[in-house]
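In case you want the letters, here they are:
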Amino acid sequence: MSIPQPSPSPLPQILDALNTSFAKLQQYGDITAKIPGSAIAWRYFKASHQDDPIRTLLELALIFFIFRTYAQSRTKGEASGKNFVKLSEKEIDELVAEWTPEPLVAPVKPLSLPPVIVGPTGPRPRVVFPAPGQDPHDPRSPPLQLEPNAGKTVLNLASVNFSGLVGNERIRDKAVDCLRRYGVGSCGPPGFYGTFDVHMELERDIAAFLSVPAAIIYSHAFSTIASVIPSFSKRGDIIVADRGVNFAIQKGIQISRSTVRWYEHGDYEGLERVLEGIRKEDKRYGRKPTASRRFIITEGIFENDGSMVDLPKVMELKLKYKFRLMLDETWSFGTVGKTGRGVTEVFDIPTASIDIMTGSMASAFASGGGFCVGSPDVVNHQRINSPAFVFSAALPPLLAVAASESIALLSLPPTSTDPAHPLSNLPENVRTLRTILAGVNSIEIPSAEASPLIHITIKPPSYSSAFNIVRNFSREDQEKQLLEVVDLCAENGVLITTTKRNWAQEMVENRPSIRICVTSALTKKEIEKAGQVLKSALTKVLGKGKK
């Protein structure tokens, strides 16, 4: 039986043809020599072909494939349209009718619609509750009845009115006089015809109130710290920050593009470890500490949970490791301390010893905007380098006058009786409310004892032997339960709110909470009433309160 002979491989013939073609191409070397870089290409092809002819074959095949793909590509927009699918007019109309565009943002359906305040806000506003299915923000929904006497009066623990100056007649009269003299807006940024005499007076008032050399005002409270941080800290600088800082600080740190080292919220031993680690890195890499700017950034009272910074400890570490301190007192200025000067007054630390301090006039002065205080160099640097100051319209003059008048009231002696100091009964109101809430076992209050900003969270999951189940503790369920508490309180005449968070962009996912802003404008009996209503609602919804 004869064995079939294998057919000869065509590869040797292909290589012989390739060698012949390559030899003929070398005859035209004088012509291609005029092309820049041709000598390098010829040397490469010659060496490559001599060492590995098969590689040359693969490279030519790849070049052919690239040109063929480009020639047949439909992305070149052929004018002839020969590669397009032909559709009739009827088919085009049907496709257009069936097409539904995607929404610009994902639809958000609120769990409940909050009551609407009728008339001016204050410690005892009137509110109207939307009917089921009635959305005040939807023009297709039936309108609410918003007559002056509509709705019912409630005790307001939702608005940021710690000092009780919202609706103050003395401030209102000054603001109305300013409105008649200057108009409504400033009509320009501070550096371009937007600065009025009342703006400069307000800066002097803030500096004198805090006993610092200079102050600068901003037209938006949120933008203040978010703009101050990147105006001083740049790429290559070092920021050490508490993980619990508010959203505005997070955005400012992000914009600065600085090197960021985080320490756990309220962990000052962790802060020292981070600072010590940076010092060791300096020695290891031969890095000069003065080669970059270095900041510790924290809050006075933390917006996310109401806790208070241990300022003496932070000051000790700042001096020990030679860092600058940037302190945001948005929620502590005008709320704590005998005269509302913030955590520096609580701990008896001169404000001038803080390198950069920011605050809010919206939460402290029944006005709007923010401010930053420090040395003249710190303030003057912001006038030409802080985006929120340079590119934003200046604060409306009437708000500047309102803030100056609020400072005059806060400057009264703590023992003043006619008129009384705005914060005279705020500490007592805070203690009263916390005493009542202490009897609710199903909640936790992470806020500082002296803080009028109180957060209420649901206790973490616990095993229930009675029902042999573990309580559901998802974020959505917590939010739903807390909203039920808010709605129940509103029905019984107490206005509170849940904390609103941008969950998609928050650096740390904080637990959902009810946020209470205790005000000095309510009497002790009204605070007791509000506390009992809140306690009853928490007990009913969560089912774990102490009766």
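Residues numbered from 1 in each chain as written. Predicted model: local features only at pLDDT ≥ 70, side-chain atom pairs only at ≥ 80, totals over all residues. Heavy atoms only, no water.

## A look at the nonpolar core
- I206 and I516 are the most contacted members of the largest nonpolar core, which totals 109 residues.
- It is helix α20 (residues 524-542) that provides the largest number of residues to this core, a total of 8 residues.
- Judged by nonpolar contacts, the second largest core, of 5 residues, contains I171, A402, L409 and L412. (Core = buried A, V, L, I, M, F, W, Y, C linked by side-chain atoms within 4.5 Å. Buried < 20%, exposed > 50% of the residue type's maximum accessible area, 1.4 Å probe, protein only. Helix = DSSP H or I, 4+ residues; strand = E, 2+ residues; numbered from the N terminus.)

## Things to note about the sheet that holds strand β2 (residues 126-128)
- Spatially, β1-β2-β3 is the arrangement adopted by the 3 strands of the open sheet, whose pairing is antiparallel. In this open sheet, the two strands that pair with only one neighbour each are β1 (116-118) and β3 (152-153).
- Of the pairings in the sheet, the one linking β2 to β3 comprises 2 bridges and is antiparallel in character. Along β3, the bridge assignment pairs V127 with K152. (Pairing = 2+ DSSP bridges.)

## Regarding helix α9 (residues 221-232)
- In terms of burial, α9 is largely enclosed, as 10 of its 12 residues are buried.
- For α9, the complete set of buried residues consists of A221, T224, I225, A226, S227, V228, I229, P230, S231 and F232.

## Details of the sheet that holds strand β11 (residues 370-374)
- With mixed pairing, 7 strands are arranged side by side in an open sheet as β5-β11-β10-β9-β8-β6-β7. A strand with exactly one partner marks an edge of an open sheet, and here the two such strands are β5 (214-218) and β7 (259-263). Here the strands of the sheet are splayed against their neighbours by 20° on average, with no regard to which way each runs.
- Summarising the sheet, strand β6 (residues 238-242) and strand β8 (residues 294-299) pair through 4 bridges and their orientation is parallel. Residue pairing across strands places V240 opposite I296, the latter belonging to β8. (Axes fitted to C-alpha atoms, helices over the stretch in contact; angles between N-to-C directions.)

## Regarding unusual backbone geometry
- We note that C187 has phi near 60°; this positive angle belongs to a residue other than glycine.
- With respect to the helices, strands and loops of the structure, C187 is situated in the loop between α6 (169-182) and α7 (190-194).
- If you check the backbone angles, Y193 has positive phi at about 65° while not being a glycine.
- Inspection of the secondary structure assignment puts Y193 in helix α7.
- Since its relative accessible area comes to 70%, Y193 is described here as exposed.

## Side note on the packing of aromatic side chains
- A complete count under the given rule lists 8 aromatic pairs for this structure.
- Between the aromatic rings of Y218 and F389, the centroid separation amounts to 6.0 Å while the plane-to-plane angle is 75°, which identifies the pairing as edge-to-face. Placement of Y218 in strand β5 and of F389 in helix α16 (residues 387-390) is noted, with a sequence separation of 171 residues between them.
- Taking the relative accessible area as the measure of exposure, Y218 reaches 1% and is therefore buried.
- Seen from their ring centres, F222 and F247 are 6.3 Å apart, and the 40° between their planes marks the pair as tilted. On the criterion of sequence distance, the pair formed by F222 in helix α9 and F247 in helix α10 (residues 247-256) is long-range, its members being 25 residues apart. (Phe/Tyr/Trp six-rings, centres within 6.5 Å; stacked < 30°, edge-to-face > 60°.)

## Describing the pattern of salt bridges
- Scanning the entire structure with this criterion turns up 19 salt bridges.
- Here R287 makes a salt bridge to E281, at a shortest N to O gap of 3.3 Å.
- A relative accessible area of 31% means that R287 is categorised as partly exposed.
- Across the salt bridge formed by D355 and K318, the nearest N and O atoms sit 2.8 Å from each other. Of the two residues, D355 is situated in the loop between α13 (343-346) and β10 (356-360) and K318 in helix α12 (residues 311-321); the sequence distance between them amounts to 37 residues.
- Looking at D355, the relative accessible area reads 24%, which means it is partly exposed.
- Sharing partners across several salt bridges, the network here consists of R261, E281, D282, R287 and R294. (Salt bridge = Lys/Arg side-chain N within 4 Å of Asp/Glu carboxyl O.)

## What to know about the packing of helix α19 (residues 475-491) against α20
- Packing of α19 against α20 brings their axes to within 9 Å, and their N-to-C directions diverge by 140°. One finds that α19 runs oblique with respect to α20. The handedness of the crossing between α19 and α20 is right-handed. Contacts from Q481, E484, V485, L488 and C489 in α19 reach V533, L534, A537, L538, K540, V541 and L542 in α20. (Parallel < 35°, antiparallel > 145°, perpendicular 65-115°, else oblique. Left-handed = near helix turned anticlockwise from the far one by under 90°. Contact = heavy atoms within 4.5 Å.)

## Let's talk about the side chain of S163
- With respect to the helices, strands and loops of the structure, S163 is situated in the loop between β4 (155-156) and α6.
- Engagement of the side chain of S163 in a polar contact is seen with the backbone oxygen of A364, the distance being 3.5 Å.
- Those residues in contact with S163 that sit more than four places away from it in its chain are G334, A364, P422, L423 and S520. (Polar contact = N/O pair within 3.5 Å; in protein donor to acceptor, adjacent residues only side chain to side chain.)

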